[in-house]
Structures are given as C-alpha cells and as structure tokens.
Amino acid sequence: MLHYLGTRLLRATVSVVMVVTFVFIVLRMSGDPAVVIMGADAPPEAVDAFRTAWGLDQPIWVQYLSFFKAIFSGDLGQSMRDGRDAVAVVLERVPSTLALTVPAFLLNVGIGIPAGVYAALHRNTAIDRFVMVMAVTGFAMPSFILAMLLVLVFSVNLGWLPSAGQDSWLNAILPIVTMGFGGAALLARFTRSAMLEVLGQSYIRTASAKGLSWSAVVWRHALQNAAIPTVTIIGFMLGGLVAGAVVVESVFSWPGVGRLLVVSVSNRDLAVVQAIVLMIALTMVAANFVVDILYGLLDPKMQSQTRPARA
Amino acid sequence: MAFVQIRDMSVAFGSAPALRGISLSVERGEALGLVGESGCGKSITWLAALGLLPRSAKVGGSVLLDGVELIGASPSVLEPVRGGRIAMIFQDPASSLNPVHRIGHQIAEALALHRGLTGAPARAEVIRLLDQVGIPDAKTRANAYPHELSGGQNQRVMIAMALAGEPELLVADEPTTALDVTIQAQILDLLGTIRRDTSMGLVLISHDLGVVSETCSRIAVMYAGRIVEQAESAAIFANPSHPYTRGLLGAMPPISGPRQKLVSIPGSVPEASRMPQGCAFAPRCSEAIADCTRVDPAAVTVEANHLAACIRATPAKTGTRTPERVLA
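Treat the numbers as computed from the prediction; the structure is a model and nothing was measured.

**A few points about the overall build of chain B**
A count of helices and strands for chain B gives 11 helices and 12 strands. Relative to a compact globule of 328 residues, whose C-alpha radius of gyration would be 20 Å, chain B shows 20 Å and is just as compact. The C-alpha extent of chain B, read off along each of the three principal axes, is 65 × 50 × 35 Å. Considering chain B as a whole, with its 328 residues, one finds that 47% of them fall into the buried category. Considering only contacts within chain B whose residues lie at least 6 apart along the sequence, 63% involve residues at least 24 apart.

**With respect to the interface of chain B and chain A**
Contacts between the two partners involve 26 residues from chain B, matched on the other side by 21 residues from chain A. For the side of chain B that touches chain A, the elements supplying multiple residues, two or more each, are α2 (75-81), α3 (93-96) and α4 (103-115) of chain B. Here the side of chain B that touches chain A is built from residues that sort into 13 nonpolar, eight polar and five charged.

**Concerning the nonpolar core**
Core analysis: the largest hydrophobic core is formed by 167 residues, its most contacted members being I276 of chain A together with I107, A160, V203 and V221 of chain B. Two domains each provide a minimum of three residues to this core, namely domain 1 (4-216) and domain 2 (221-308) of chain B. With sequence-adjacent residues up to four places away left out, A160 of chain B is seen in contact with I107, L129, L130, Q132 and V133 of chain B.

**Some details on the domain arrangement of chain B**
Residues and elements named next belong to chain B. What the domain assignment lists for chain B is domain 1 (4-216) and domain 2 (221-308). Measuring from the centre of the C-alpha atoms in domain 1 to the corresponding centre in domain 2 gives 27 Å. Each partner contributes residues to the interface: domain 1 has 21 residues there, and domain 2 has 16 residues. Secondary-structure elements contributing two or more residues to the side of domain 1 that touches domain 2 are β2 (16-26), β3 (31-35) and α9 (209-215). Counting residues per element, the side of domain 1 that touches domain 2 draws most heavily on β2, which supplies eight residues. Grouping the constituent residues of the side of domain 1 that touches domain 2 by class yields 11 nonpolar, seven polar and three charged.

**As for unusual backbone geometry**
Residue and element names in this part refer to chain B. At D137, a position not held by glycine, the phi torsion is positive, near 55°. Counting through the fold element by element, D137 comes out in the loop between α5 (119-132) and α6 (138-141). A count of 10 C-beta atoms within 10 Å places D137 in the exposed class. Phi angles above zero are rare outside glycine, and S199 is one such case at about 60°.

**Quick notes on the pairing of β3 of chain B**
Residues and elements named next belong to chain B. Across the five residues of β3, five count as buried, placing the element largely inside the fold. Residues A31, G33 and V35 of β3 are buried on one face, and the alternating residues L32 and L34, pointing to the opposite face, are buried as well. With four bridges connecting them, β3 and strand β9 (residues 218-223) associate as parallel partners. Across the sheet, L34 pairs through a bridge with A220, a residue of β9.

What counts as what
Residues numbered from 1 in each chain as written. Chains lettered and ligands numbered in written order. Predicted model: local features only at pLDDT ≥ 70, side-chain atom pairs only at ≥ 80, totals over all residues. Helix = DSSP H or I, 4+ residues; strand = E, 2+ residues; numbered from the N terminus. Rg over C-alpha atoms; globule rule 2.2 N^0.38 Å. Buried ≥ 20, exposed ≤ 12 C-beta atoms within 10 Å, placed from the backbone. Contact = placed C-beta atoms within 7 Å. Nonpolar A, V, L, I, M, F, W, Y, C, P; charged D, E, K, R; others polar. Core = buried A, V, L, I, M, F, W, Y, C linked by C-beta atoms within 7 Å. Domains from an automatic or database assignment. Pairing = 2+ DSSP bridges.

The following block contains the structure:
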C-alpha cells in the first residue's frame, strides 16, 4: 500500500509541475501584462519601468526559474493590480467559493448516487426513465443556460430568490442548485450504468443462489463493486468543482475564486492567475490522490498489484 | 414422491421460448446428468426452479420440492431453499465469487444464513470446509481474495460455499468447463467423494456425455428446450433411442479400439424465436420422415425407466454399443 501511494504521489507531483509550466508559458505568450495594466497609450518609459519592476524584461526561462524558486519558498509573487500578495488575494476569495462548491458537491453525491442506484434497481420502469431523462438533461445543458433558466423562473418571474451578489445566504441557493444539478445528473448516469454492470455479474447470481435476500445481495455484494467505477467520476467532479465555479460565479456575480480568475486573466494579472491555477491543479491532484486511496480500500486487486503475485 | 419433481416447466424470454415443457424428477441422493449443447436450456431449468432468472423471464409449469411448489413462490419460501436445500455452483468460478470480499467471508455468509453460525464457530467451520474441498493451508487461504486463487481453487471455494448450507442437492452447472483438463478430473473426483461422504444428491449439467457418464447414474439429454431422452446411464450408451443422443455418442471419441472418424451432427441448434414445426431436431436428423415436421413427439417409454421423444423410437432391441470409459 505504501509503495502504491508513493508511486501515485510522484505522478501527482509531475502533473502539477506540468500544469503550472504550461500556464506560465501560455500566459506570457498570449499578451503583454505591461500594456494591459498600464493602458495602451501609456508612455513607453512607464511601460518599460513596469517591465523592469516585474522582471518581464528577463528572458522567459530566467523568469521561469525564478518563478519556480519562489514557489518552493511559498512566494507566488504580488498582484500586479494592487501589489498585494497573490496568495492572500486568492485565499480571501476561497471561503466564498467553498460556500458554493461544498453544498453543491454534497448535492451531487447525495442525489446522484441514490438516484442512479434506484434507477438501476428499477430498470425500465417509469421512475428509471424519469431519472434518466433528468440525467441526460442535466448532463447536456451547459451550466450557464441552467443558471439563466433558474434566474428567469425564481428571480424574474416568481421573485423568490436574488439573481446576483452576495448579500445573504439566499444568494447562494441558485448557484448551488446550478452546480449541484449538473453534477448529480452526471453521477446518476454513471452510477446507474456501474450498478447495472455489477448486477449482471455472476457473483450476484451466486449471492442470490446462496439464499441471501435481494436487499442483502444489493447492500453486501453489489454496492461496493459498483462504487469502484463511481469513485473515479466523483474524483473528476471533486477536482473540477473550482473550475466549474468559474462559470457559475460569473453568471451570479458571486465574488469567489472563479470570478477572480476570469477578471485576472483579462487583466493579465499573472501572479494571481498562476496562484489560482496552481490551486486548481492541487485540488485536482489531491482529488485524484483521494480516489487512488479509495480504490485501494475498495478493490483488493489494487493492493495486491504491488505485492508479489501468489501462485 | 421424488425429492424434486419438475412438471411441464416452460420458460420464455419475450416471445422466444427457452424451455418448452420439461418434466424431470430427481430422487433424494441421486446423481443425475443433464446433457446437451449450449443454449438448450440445461442451466435455465435449474435457475428457473430456484427463481434466479431475471424478472423478464416468463416461467410456467410446476417445480415441487418435497411437495412444496417453488414456481411463483415468495422470497420467504425460496431463500431458505437456495443454498440450504438446493445449492448451485457455476461454470466460471473466477467470476462467480465476489472480487471484493475474502473467500472466508463469502463462505461464512452461507453459514450464517443456513446454520446460524457466526464469529469463531463460523470461522472454524469455514476452515473445516476449505479443508474438506482440498484447499491447502486453509487457515491462511480463508483470508485470500478470489483473484489470489487459481480457477480450480476458486471452484473448490464455490463447492465449499455450497456445502456450507448442508444442502440435500447440489446443482453443478458446467463446473469443469472453464478449467484445465487435469483440474477437471480433480473437481469431478471431489464431487464424487463429497457425495459418498454426505449422501447429497447431484445434478451435473454438462455438454460432455463423457463427464456425465462417469459421475451420474441417470442421464437426461436436452435439445432446444426439451428433454429428448432420459434413462440410466448404461441404457443411454447401450440403447440410445433418440437420433440426437446417437449423434452425441457418435461425436465422442472412443478411448480404446482402432482410430475411427468421428461423426458430427450437421447444422446447428434452431434459434429459440424460430423453432421449426414438429420435432425441433428434424431439420438436422438423418432419420427424419415426413411426419417429423408435423408432430412434436411426446416422450414414449422404450424400456423400463427409459423415455425418448422421437416418433420413430421403438421398444428396446439389444444394445448396439457398450458403455465405455471415456475421458473428456
């Protein structure tokens, strides 16, 4: 198990380095922050001074090396907008984003998994079809369209909920529902097919032939097996939560990390963008790592892969 | 009264009939072989009897276990029967065991259900059962997962699990098909030993007449969802009365004597949804006459305890072929 986790930790580190490198290069290739921040008609001396101050006049590999050195000392640079520490700028937005993503994730899992399991157990009934129609709808509809539909119904027509801002907890409901529904739909779809796959296996027939009641067959023999592929999807969703918040926070003007990212990219506020990307990459990697640990716990084959095979 | 009495059982998936009226009885402690090509309904017969078919299957007829009807019975009737009175093992042992549970745990589950054993006594009984089915180092192996064992060992685990409920009848559905030839013989030997020690009945489902004839005293031959012939094993070999049985025997290599060309049965089993008129075997039968495509023949008695469903079957003549010891 230790070896198993070690390999995965190493792999995770490599992916983080690659993501951060990619973003570093793309951001610097796609626009000059000095021009964006100082304005197109700023005097050339001022622009040059800005470049020198932020080290943008250095060759890109020199910038890259000093950037990496700084990361390891925990310093991700300052926001070019207001000179504050980039990490601090990002961190102050984190609670707002968590206030959306954590309930949304709970909705994903709390609705998606039971709905998928129920649909699989009642295959081809009216309830199964209803769940699948909802799932395909939620899966196919982009979140900003769902967001606008919700605003139209609950803010504009019914007037029950606010459509934007962060004045009270009521503001969080529509964004949470938006993110929760899409993820729940995706998860229901995958859980159902994982469950159907498992229910068709011989060992389920064996368990029934042994004399177990159907509910014992489902609880003791089907669910853990179906959990193995489902956990992969949950891992993807967990990693993608912050990224998914980008769209939803923008639509609902919710001052979280996602909206900060959009603003910072258009401002070419390099340090802030890099800090956010690093954070997103780390959540993805952490989610994958959690998935790998869960795999090891759920699937005994994963553990013995690292042990010498028995004859 | 036979231990299990199947009367006119039929199974259909949608409009396709899988079983077309099976009548079969198994006496207490008897070893019965069920032979036929894949898809002829051998396994479905017993899955249907135990209520293990998907809900989409339409099951008709009657299965009496000691006089109690099983077809359409409620879970409270079926669950104690499954594994407790009639246990079943399957073709592919590797996929028949749950990959995420230790084998000891899977056996203990049956002990808890049918004998109320839990904790240390259950653990001791698991080890005894694994020992009985010939798993070396049973104490350690009880903690193994199915993927850590070989196919033959997994089948032994399946047998141990079946024995856990102390059933009166074991239905072994192609128990050796997925295994190496040497392991096949070991598993068949094991089933024989267990039968001697426990007086448990056995239904051995196989496509291999040789395997069945070695283990079973009586044989039923199935074709396209019907039983076409049933008799004592010796009588099947001595006096095969259905052309299909003769075809199966002709396709079996003799273990002694001069080399001879094996005869195969031409054509293939008809699809369930396109069953021919009259006898289902007629299109492949070299002895078919005009009437064969009109009448689906009922079973006739050719000699005592020997039934054949062929309109040309006649009461016994002297044997044309003597039983031979054959190996799969």
